[in-house]
Each structure stands twice: as C-alpha cells, then as structure tokens.
Amino acid sequence: MKLATELAEALRMAVQALAANKLRAGLTTLGIVIGVATVTLMGTAIEGLNRSFLQSVSKIGADVLFVDRMDWFIESREVWLRMQKRPPIDLAAARALAREAGFALAVAPVARANLPVTYQNRRSSRVFIIGTTEDYQQTAGVRVSLGRFLSAADVAGGRPVCVIGTEVATNLLRHDPPLGSRLKIGGRTFEVVGVLERQGTFLGAFSLDNQIILPLSTFVGAFQSRPELQIQVKVGNMAGLEDAREELRQAMRRVRGLAPGEPDDFSINQQQQFVRVFQQVGGTIAAVGLFITGLSLFVGGIGIMNIMFVSVAERTREIGIRKAVGAKRRAILMQFLLEAAAICLMGGLLALAVAWPLTWIIQQFLPAALSLRVAGLALAVAAFTGLVSGFLPAWRAARLDPVEALRAE
C-alpha cells in the first residue's frame, strides 16, 4: 500500500513537472516521435505483408501436394542444372499415379499455357489457360459462382467447354450473359459453362481471376500434344500429411520406374515451402528494420537523458527538501523515471497520430495494417525507452546528498 502511495505521488509530481515545462517536454519528444513512428510503420508493413502472404498461400491448400519436375525453390545453379535434366511428367505418368494414389481424395494433372482469347471484337492477349480434370475443383479449392465446373464427361469426351475467371468475364464479356457465350482461344472456339468466384491475386502479383479452365483432353488436342504436367494431390488429412507425402513419393518412384538407390527424378512441393522462404526473407527485413529503428530510438533516448540531467540539476534544491522531510531514494527514483516515461509516452501517442495517416497512404501501394498489437508494441517501446533513458538521471537524483542539495542555488 505504501509503495502504491509513493508511486501515485511520484506520478503526480512528474505530471506537474511536465506541465510546468510544456515547451521543453514537447521539443524533447520529437526524437522519440521519429523513432516510435519508424517502429510503428515498420510493424504495420511487416504485419500487412504477413497477412497478405498468408492469404495468398492459403489459396494453395495446406493439405495439397504438388508433384513437379523441379523444386519450387532451388538453392543453387548447379542444382537447377541437374533438375533440368529430369524427364518431364507426362500424361501416362499422371494416369498411372492416379491409379496408384489410393490414399488421396483427389488427383488432378494440370497443364498451363498463356494464349490470346477473343470474344466478338474484343481481345485479351495473355490469359492463363489451364488444362485439367474435374478433380481440380477439389485440389485447387475453386468455387463456381455461376453455372458449373468441368464434369468427368467433359474431360472424357474432350468437349470444347470452359470455365472462366471473373476478370475474363468482366474484360471480355462485359455485360453479355457468360453462360453459353463462345470464346476463341488460340483460334479454337469454346463454350462457357461456368464462372469462378473471385479469388484475387497470388502474392500481390499474379491474378487468379484472369484464367480459363479447359478439359485436359481438349487442351492436349488443341494446344499442346505433349504438355509438361504438374500433378496436384489432395490428401485431406493434415495429421497424416508427412505419411501421405512419403506414400506419394514411393508411388511416383514406381510410376517413373526408378530402381532402389536411384535418386528421385521429380519433386514434391507443398505450401510449407513458401512459408519457410517467406519467414527467412521476413526475418531479414525485420532485422534490418530493427537496426534502423534502434538507431532512431537511441538518438531519441540520448535526447531524453540529456534533458533529464538538466531537469535534475535545475531541481536539486527541490530534491534536497523532499529528502529532508523524509522522502526515500526510491520515491525520488520513481519520480524522475515516471517523468522520463511520460515524455516518451507522449511521443509515442504523437507518433501513432503521425503513423495512422501514413499507413493509409502506404495501403494504396503496399499491404499494410496498423493493428492494436502494433500500436500497443509502439507504446511499450516508447515507455521502455523512457525508463532506460531516464534511469541514470533518476539514479543521480536519488543519490544526492540532502545537505549538499539544500545548499544548491
């Protein structure tokens, strides 16, 4: 109870001291404002990038494995050259793997191309064309907002039908009803049977809505007779993902006819690889940002320390009187520590007032989010800076000899 009373008294006196020196306190906060604003903007940028990245990567599917000829992320040029020599994954391998992968919920071979698409007198030069099967709806997690997705009959019969993304519907069809419309893709005519729900972008760069999905058999017959495929395998059980990965690896080795001891001539990729690489890059960005903000806060903290030393020197007689009437060292220490922390908290609040509109401006160009967690962290950093910067002046004030302090002019 006594400590609480001393703390309340110290806080009251710190506020009174700041009120008596408004201009000096205001000027002192400028260094802290710059430092805390830097911390806040760095935190908002990292928070926004994290949210944007996780939203993008979640579209890949955590329970989906991707069989490719090469790894998504390659460590060196030597590894890349070695992987380039691997034979492509073809239709025969995809069909054989579909028979072998009895543990999977869905297996979808995927071929891709960029082709011009026309509708009446309107043309789009580069649309992402996907050739696949009906299982792609499960492996890719796409949903249809209008019409239907590809059927097994479409794939088996090689029908000239397609499912389009919202961007294709908006740019090419505009106000015309999508279902039943006929698009020309690479010179071939396809009937629209469905429109996908809006998916947004992947990693902020690649639009997932500027795509057209065709039956794989139609894609092969019209555009690429021997496409290089990716095979998407939906496991459906996150707990058994690693077991499913190993089972898929063994099945793929049998399909590729690899002898025991031979290295894999394929790669099994998954969402976690993106997360791992992003964490490494994000860690580097955060380290550089912390170094920059640390310098800003260090400069601001030195300014706070100097002002507090001046304040102690000016109020030496006041400290002597307080000690003469029974104030303990810890009461004097708390008074000046709280004064320094209060100055920094004022700077922190001003920094948040500056960072909020700046964050809104940044959001127009880059993902950024000023969350309560980031704001709380900024204020905590400000208070901590005040306590560290004010400790030496407060310690000197607490250790002043009361007799010598009373003699001060």
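Before reading on, note that the structure itself is shown above.
As the structure is a prediction and not an experimental result, all values here were calculated from the model.

Cut-offs and rules
- Residues numbered from 1 in each chain as written.
- Predicted model: local features only at pLDDT ≥ 70, side-chain atom pairs only at ≥ 80, totals over all residues.
- Heavy atoms only, no water.
- Helix = DSSP H or I, 4+ residues; strand = E, 2+ residues; numbered from the N terminus.
- Buried < 20%, exposed > 50% of the residue type's maximum accessible area, 1.4 Å probe, protein only.
- Contact = heavy atoms within 4.5 Å.
- Areas by Shrake-Rupley, 256 points an atom, 1.4 Å probe, with all protein chains shown as cover.
- Salt bridge = Lys/Arg side-chain N within 4 Å of Asp/Glu carboxyl O.
- Phe/Tyr/Trp six-rings, centres within 6.5 Å; stacked < 30°, edge-to-face > 60°.
- Core = buried A, V, L, I, M, F, W, Y, C linked by side-chain atoms within 4.5 Å.
- Axes fitted to C-alpha atoms, helices over the stretch in contact; angles between N-to-C directions.
- Left-handed = near helix turned anticlockwise from the far one by under 90°.
- Nonpolar A, V, L, I, M, F, W, Y, C, P; charged D, E, K, R; others polar.
- Expected span 1.5 Å × (residues − 1).

Caption draft 1: Representation of the overall build of the protein in the model. Across its full length, the protein carries 14 helices and 12 strands. Within the protein, buried positions represent 45% of all 409 residues. Residue pairs at least 24 apart in sequence account for 76% of intrachain contacts in the protein once pairs closer than 6 positions are excluded. As displayed, the protein offers around 21,300 Å² of accessible surface, 60% of which is attributable to carbon and sulfur atoms.

Caption draft 2: Geometry of the pattern of salt bridges. A complete count under the given rule lists 11 salt bridges for this structure. The partner of aspartate 176 in a salt bridge is arginine 122, and the shortest N-O contact between them spans 3.8 Å. One end of the pair, aspartate 176, is in the loop between helix H7 (166-173) and strand S6 (182-185); the other, arginine 122, is in strand S3 (residues 122-132), and 54 residues separate them in sequence. Judged by its relative accessible area of 16%, arginine 122 falls in the buried class.

Caption draft 3: Geometry of unusual backbone geometry. Here glutamine 120, not a glycine, exhibits a phi torsion of approximately 55°, which is positive. Along the chain, glutamine 120 falls in the loop between strand S2 (106-119) and S3. Given the relative accessible area of 59%, glutamine 120 is considered exposed. Positive phi, close to 55°, is recorded for arginine 174, a residue that is not glycine. Locating arginine 174 in the fold gives a position in the loop between H7 and S6.

Caption draft 4: Summary view of the packing of aromatic side chains. Scanning all chains against the criterion turns up 2 aromatic pairs. Ring geometry for phenylalanine 219 and phenylalanine 223: centres 5.8 Å apart, planes at 70°, overall edge-to-face. A residue is classified by how much of its surface remains accessible, and phenylalanine 219, at 0% relative accessible area, is buried. Residue phenylalanine 223 is classed as partly exposed on the basis of its relative accessible area of 23%. A network of ring pairs unites the aromatic residues Phe190, Phe219 and Phe223 as a single cluster.

Caption draft 5: Structural detail: the nonpolar core. Grouped together as the largest cluster of nonpolar side chains are 45 residues, with contacts concentrated most on Val67, Ile129, Ile164, Leu183 and Ile212. The element that contributes the greatest number of residues to this core is S2, accounting for 6 residues. Excluding its chain neighbours within four sequence positions, the residues that come into contact with isoleucine 164 are Ala169, Leu173, Leu183, Val192, Gly194, Val195, Leu196, Gln211 and Ile212. Core analysis: the next-biggest nonpolar cluster, separate from the first, contains 24 residues, Val36, Val312, Cys344 and Ala378 among them.

Caption draft 6: How the structure looks around the packing of helix H12 (residues 329-363) against helix H13 (residues 372-398). Where H12 contacts H13, the axes come no closer than 7 Å and their chain directions differ by 145°. Along this stretch, H12 crosses H13, giving a crossing that reads as right-handed. For the contact of H12 with H13, the residue count by class is 21 nonpolar, 4 polar and 1 charged.

Caption draft 7: The arrangement of helix H9 (residues 241-256) in detail. With 16 residues, H9 should cover 22 Å at 1.5 Å per step; its first-to-last C-alpha distance of 22 Å lies within 8% of that length. Every buried residue belonging to H9 is among Leu241, Ala244, Leu248, Ala251, Met252, Arg253 and Arg256, and all of these are buried. With its phi angle positive at about 70°, glycine 257 sits one or two positions after the end of H9.

Caption draft 8: Expanded view of the environment of glutamine 138. For glutamine 138, the position within the fold is in helix H5 (residues 136-139). Taking the C-alpha atoms as reference, glutamine 138 lies 9.8 Å from glycine 236; in sequence the two are 98 residues apart. Those residues in contact with glutamine 138 that sit more than four places away from it in its chain are Leu105, Ala106 and Lys234.

So yeah, pure geometry; function would need other evidence.
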